[in-house]
Amino acid sequence: MESADAPVPYRVGQWLPSDHAFLARWLEAMIHKTLDEPRPLHPVVADFRDVIESDPAIFMLFNQMFEQVPRRPPYDRDYQHMLQLLNTQMTHAPEFDQTGLVGCPINTIFDWSMGTAAGMAAFLNERVNAELKKVLNAWGRFLGSSDSTDVLSDHPRKGWFGADARKAMPDFAREFRCDPDAPHHGFRSWDDFFTRELRAGVRPVACPDDDRVIVNACESAPYRIARQVSYRDRFWIKAQPYSIVHMLANDTLAPLFAGASVYQAYLSPLSYHRWHSPVSGTIRKAYVKDGTYFAEAASHGFDPAGPNDSQSYITEVATRALIFIEADNPDIGLMCVLAVGMAEVSSCQITVYEGQRVRKGDQLGMFHYGGSTHCLIFRPGVKLEFDHHGQKPGLHAANIPVNARIATVVR
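Residues numbered from 1 in each chain as written. Predicted model: local features only at pLDDT ≥ 70, side-chain atom pairs only at ≥ 80, totals over all residues. Heavy atoms only, no water.

The next point concerns the pattern of salt bridges. One pass over the structure, following the stated rule, counts 16 salt bridges. For the salt bridge of Asp171 with Arg174, the shortest nitrogen-to-oxygen distance reads 3.8 Å. Assessed through its relative accessible area of 36%, Asp171 is described here as partly exposed. Notably, a salt bridge pairs Arg357 with Asp328, separated by 2.8 Å at the nearest N-O pair. (Salt bridge = Lys/Arg side-chain N within 4 Å of Asp/Glu carboxyl O. Buried < 20%, exposed > 50% of the residue type's maximum accessible area, 1.4 Å probe, protein only.)

Shown next, in the form of structure tokens:
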């Protein structure tokens, strides 16, 4: 077992390597690819450029963010170079890499600039996020096309079904619906692979007939539990406290959760990315709140880890899905599943509707191209005993299976 002080190979969730040398090498390779394959800007990237150059405040911020980056290659570039790299990424899907998986390539392009004072301001800007949404949606259409399947290969190092990937995901064919004998294991696109479904019976629902037992909504690692959470708090300060009214996007139901308990857990790129109901009950409300994509907490100072270390902060500002469920168990009552997007993994699709009855373990929705983090929010007065499966919540916790017990109601 590694010691608590041992270096970890990845940042929280394993979306990006912790060693910046890996990111620098990846970025240098992307720069060479951009130089070798010059092409006109994709229409949404061109629109992003026009917004940057036409809005004086945004223009200033996108110039300043690169001026504020430490002057070291390959980060000593400008917003025009950033747009060219973004343009190249629009027709590439992430490759597997055992030594330094870059699960968030667009995050890598923005990585150091978004950690500057100007970057933090720019990536909170409403117009910037509207353009980023267009860019990510366009990239998502590519990831949903058959052209994105080239990385779903058996290349020993870069393919998602190659020797290295099989070592990282040894039970893939047994756990997920696929056909190992078909091209790309039967997946039609990168998105089809990333939103893959579990085979029947692989993740059984814990105590399906016991409404006191709450199950894990995502295949995720426990990050934090907070109790008696303030209705409104200074979520941007050090330690990133939760702020219920902001997390719940000023919803009319938000006041019912003042003093709530919050359970937060995060996903990894090798995980299953669909959300399941933690309780049996009825869907009261379900909608997506648009927000930020690459904003991070200023309280971390210059944080080269991007929004990864801002797990709590982004629950208030990032694009997120809110699903309010009236649990059958009156000792739980109304609770909320908050699925939070981060960086380019912010496409939240809800697959249930208001008024629908759900059983514990039923699907609620999914993250397209991966996932980020999620919260279960319980009203004050709900007494819960949490089960962390023998580990301590934090940045280096391990996944708990979806549908496994994570809490029990205590009367």
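On average, residues of the protein chain score 85 in pLDDT, and 84% of them reach the 70 mark or higher. Confidence over residues 1–18 falls short of pLDDT 50; this stretch has 62 contacts with residues more than four positions distant or in other chains. (pLDDT = per-residue confidence, 0-100. Contact = heavy atoms within 4.5 Å.)

Attention shifts here to the sheet that holds strand 4 (residues 274–276). If you trace the three strands from one edge of the open sheet to the other, you get 4-10-8, paired in antiparallel fashion. Bordering the open sheet on either side are strand 4 and strand 8 (347–350), each of which pairs with just one other strand. For this sheet, the mean inter-axis angle between neighbouring strands, taken without regard to orientation, is 20°. In this sheet, strand 10 (residues 363–368) lies alongside strand 4 in antiparallel orientation, the contact comprising three bridges. Each residue of the ladder has a partner; that of His276, found in strand 10, is Gln363. (Pairing = 2+ DSSP bridges. Helix = DSSP H or I, 4+ residues; strand = E, 2+ residues; numbered from the N terminus. Axes fitted to C-alpha atoms, helices over the stretch in contact; angles between N-to-C directions.)

With that settled, the discussion passes to the side chain of His273. Mapped onto the secondary structure, His273 falls in the loop between strand 3 (260–266) and strand 4. For His273, the side chain forms a polar contact with the main-chain oxygen of Ser271, separated by 2.7 Å. (Polar contact = N/O pair within 3.5 Å; in protein donor to acceptor, adjacent residues only side chain to side chain.)

Here we take up helix 4 (residues 79–89). With eight of 11 residues buried, helix 4 lies mostly within the body of the structure. Where helix 4 is concerned, the buried positions are Tyr79, Met82, Leu83, Leu85, Leu86, Asn87, Thr88 and Gln89. The N-terminus of helix 4 is capped by Asp78, whose side-chain oxygen sits 3.2 Å from the backbone nitrogen of Gln80.

Generally speaking, soluble globular proteins have nonpolar side chains that are buried together. Grouped together as the largest cluster of nonpolar side chains are 85 residues, with contacts concentrated most on Phe48, Phe62, Met82, Trp190 and Ile377. By residue number, the principal contributor to this core is helix 7 (residues 126–143), which donates eight residues. Leave out the neighbours within four places in its chain, and Met82 touches Phe48, Ile52, Phe62, Phe66, Ile109 and Phe110. Ala217, Leu267, Ala407 and Val409 belong to the second largest nonpolar core, which has 33 residues in total. (Core = buried A, V, L, I, M, F, W, Y, C linked by side-chain atoms within 4.5 Å.)

Here Thr149 lies in the loop between helix 7 and helix 8 (163–168). Residue classification places Thr149 among the buried positions, given a relative accessible area of 9%. Those residues in contact with Thr149, other than ones at most four positions away along the chain, are His184, Phe187, Arg188 and Ser189.

Moving on: the sheet that holds strand 1 (residues 213–215). As summarised here, the arrangement of the three strands in space is 1-13-12, forming an open sheet in which the pairing is antiparallel. At either margin of the open sheet sits one strand with a lone partner, and together these are strand 1 and strand 12 (384–386). Strand-to-strand twist of the sheet, defined as the mean angle between neighbouring strand axes without regard to direction, takes the value 25°. In this sheet, strand 13 (residues 405–409) lies alongside strand 12 in antiparallel orientation, the contact comprising three bridges. If you follow Phe386 over to strand 13, its bridge partner there is Ala407.

Right, let's talk about unusual backbone geometry for a bit. In this model, Cys207 sits at a positive phi of 45°, which is unusual for a non-glycine residue. Position of Cys207 relative to the elements: it lies in the loop between helix 10 (190–194) and strand 1. Even without being glycine, His389 reaches a positive phi, approximately 55°. By secondary structure assignment, the location of His389 is in the loop between strand 12 and strand 13. Assessed through its relative accessible area of 37%, His389 is described here as partly exposed.

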